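# Per-entry structural report
If you want the building blocks of each chain, they are given just below.
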Amino acid sequence: MQKISVGAADAGQRLDKCLFRHLSQAPSGFVYKMLRKKNITLNGHKASGKEKLEPGDEISLWLSDETIEKFRTQEKADISLVLPDPDIVFENSDILIMNKPSGQLSQKAQPQDISANEIMISYLQRSGQISRQQLRSFRPSVCNRLDRNTSGLICAGKTMAGLQFLTGCFRDRSIHKYYECIAAGRIEQGERISGYLSKDHERNRVRISTSGGHHADYIETQYTPAAWGQIHDLRHRPVDITLLRVLLVTGRTHQIRAHLASIGHPLIGDNKYGDSSLNEYFRASYKLKHQLLHSAYLVMPDKIPDAFKNCPGICNLAGKSFHAARPAVFDRIISNEGMSHGDMEFQGTERFSS
């Protein structure tokens, strides 16, 4: 017989979901059968699996050690000693916000990948906030994804409540996401543009159109210029460039990159949707190998859902904003290429209507 003590990280999830994580190799029918037969109990009583767990609850597994080991989550190698600390912008008991560097995955694509998610979990283990045993029943996770070569703010739920809150906010778009990018062309007026995005999964590309199709998603992107300049590329042609602040109204794969490219303003350094000759200039001049796109600001919803009013790490987040300074390469380009307009620093979100 073994017991599972429910901590703050597990609170808020259903009992059966917790058991599926703890006994991840067990068929669901086996788990529900053990609940019916009282071989798995909650606080000493029979349970259905639908119960919401609270801190201090105790789950008893009246099973042999051999059965538990057979069905338990296989522990992963402890990587906490070899991974760097995340660049933490904000942290409390329920959520963690990191500044992800360009070149890092948000979540792993292959088993051997080390992503922002693994780095965050490693940090929580190393700082004593979660144990390997607790990871069997609940695994903290990032809640929004950035492309590998896009830098900036990424949020993670440290507890089930934090994960549910953030996932819900990103799903209903009540968290507003603001980006900075440098795009080709001179853009003097802000605009809110719309269209339809369809995916080509084989080529890992998207296509933008003005009319929807069967597999197309509606998108909206709002931008305003902050600074502009002019370069002479490797062929000595004058080329305008603009620093943009972008509100991602909808959040789709490659949306900002493909949407701006579709109206003639591809991002500098974008090897998938960009201008190859322009990218060549920045590669030669700045060793730039990725798109200049940075998730600079996140603004929390003005009202926190009632379900989280008793969560200390969530109830005080209403209306708060979080900022990650743009990478140094942005400022080198802005300075070296003489980009100017006046409002070079990201002052906030008052320019955007959402």
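Because the structure is predicted, anything quoted here is derived from the model rather than measured.

## A short note on the overall build of the protein chain
Helix and strand content of the protein chain: 8 helices and 15 strands. Seen through its C-alpha atoms, the protein chain measures out along the principal axes to roughly 75 × 45 × 40 Å. The buried share among the 354 residues of the protein chain stands at 51%. In the protein chain, of all internal contacts separated by at least 6 residues, the share reaching a separation of at least 24 is 69%. About 17,200 Å² of surface is accessible on the protein chain, with carbon and sulfur atoms providing 46% of the total. Distance from the positive charge centre (47 side chains) to the negative charge centre (38 side chains) of the protein chain: 6 Å.

## With respect to the pairing of strand E5 (residues 88–91)
The side chains of a regular strand alternate, residue by residue, between the two faces of the sheet. Sheet topology places E5 next to strand E6 (residues 95–100); 3 bridges connect them, and they run antiparallel. Paired with Ile88 across the strands is Met98, a residue of E6. Connecting E5 to the antiparallel partner E6 that follows it, the hairpin turn spans 3 residues.

## A look at the pattern of salt bridges
If charged atoms from side chains of opposite charge come close, those side chains can pair. Under the definition given, this model contains 14 salt bridges. With its nearest N and O atoms 2.9 Å apart, the salt bridge here joins Arg237 to Asp233. Judged by its relative accessible area of 4%, Asp233 is buried. Close ionic contact of Asp331 with Arg326 constitutes a salt bridge, the shortest N to O distance being 2.8 Å. Judged by its relative accessible area of 35%, Asp331 is partly exposed. One salt-bridge network, held together by shared partners, links Glu180, Arg245, Arg326 and Asp331.

## Quick notes on helix H6 (residues 255–262)
Burial of H6 is extensive: 6 of the 8 residues sit out of reach of the surface. All buried positions along H6 are accounted for by Gln255, Ile256, Arg257, Ala258, His259 and Leu260. Summarising the contacts, the buried residues of H6 are in contact with strand E9 (176–184), strand E10 (191–200), strand E11 (205–209), strand E12 (217–232), strand E13 (238–248) and strand E14 (293–299). In the segment just after H6, Gly264 is the residue with positive phi, at about 90°.

## Thoughts on the packing of aromatic side chains
Per the stated rule, a full pass over the model turns up 7 aromatic pairs. With centroids separated by 4.8 Å and ring planes inclined at 50°, the aromatic side chains of Phe30 and Phe71 adopt a geometry described as tilted. Here the residue Phe30 occupies a position in helix H2 (residues 28–36), and Phe71 occupies one in helix H3 (residues 65–71), the gap between them amounting to 41 residues. Overall, the relative accessible area of 12% leaves Phe71 in the buried class. Residues Tyr281 and Phe282 carry aromatic rings whose centres are separated by 5.0 Å and whose planes lie at 90° to one another, so their mutual orientation is edge-to-face. A relative accessible area of 0% places Phe282 in the buried class. One aromatic cluster is present, built from ring pairs that chain together Tyr281, Phe282 and Tyr286.

## Quick look at the state of the cysteines
The bond known as a disulfide is covalent and runs between the sulfur atoms of two cysteines. Counted according to the given criterion, the structure contains 0 disulfides. You can see Cys143 has no disulfide; the closest cysteine sulfur is in Cys155, sitting 7.1 Å from it. There is no disulfide at Cys169, and the cysteine sulfur nearest it, in Cys155, is 9.4 Å away.

## Comments concerning the pairing of E6
E6 sits mainly inside the fold: 6 of its 6 residues count as buried. Burial along E6 is two-sided: the face carrying Ile95, Ile97 and Asn99 and the face carrying Leu96, Met98 and Lys100 are both buried. Taken together, the 6 bridges between E6 and strand E8 (residues 151–157) define a ladder with antiparallel strand orientation. Bridged to Leu96 within E8 is Ala156.

## Thoughts on the nonpolar core
Counting residues in each nonpolar core, the largest one holds 24 residues, and the members touching the most others are Phe165, Leu166 and Met300. Taken together, the elements giving at least two residues each to this core come down to E6, E8 and helix H5 (160–172). The leading source of residues in this core is H5, at 7 residues. Leaving out residues up to four positions away in the same chain, Phe165 has contacts with Met300, Pro301, Ile304, Pro305, Phe308, Ile314 and Leu317. One finds Leu243, Leu288, Val329 and Ile334 within the second-largest nonpolar core, a separate group that totals 20 residues.

## Examining helix H8 (residues 328–336)
Where H8 is concerned, the buried positions are Val329, Phe330, Ile333 and Ile334. Along the axis of H8, the buried positions cluster into a sector of 135°, meaning they face one direction only. What points out from H8, more than 90 degrees from its buried face, is the exposed set Ser335 and Asn336. Residues of H8 that are buried in the fold lie against E9, E13, helix H7 (276–286) and E14. One or two residues past the end of H8 sits Gly338, with phi positive at roughly 65°.

Rules of the game
Residues numbered from 1 in each chain as written. Predicted model: local features only at pLDDT ≥ 70, side-chain atom pairs only at ≥ 80, totals over all residues. Heavy atoms only, no water. Helix = DSSP H or I, 4+ residues; strand = E, 2+ residues; numbered from the N terminus. Buried < 20%, exposed > 50% of the residue type's maximum accessible area, 1.4 Å probe, protein only. Contact = heavy atoms within 4.5 Å. Areas by Shrake-Rupley, 256 points an atom, 1.4 Å probe, with all protein chains shown as cover. Lys, Arg positive; Asp, Glu negative; His and termini not counted. Charge placed at Lys NZ, Arg CZ, Asp CG, Glu CD. Pairing = 2+ DSSP bridges. Salt bridge = Lys/Arg side-chain N within 4 Å of Asp/Glu carboxyl O. Phe/Tyr/Trp six-rings, centres within 6.5 Å; stacked < 30°, edge-to-face > 60°. Disulfide = S-S within 2.5 Å. Core = buried A, V, L, I, M, F, W, Y, C linked by side-chain atoms within 4.5 Å. Arc of directions from axis to C-beta.

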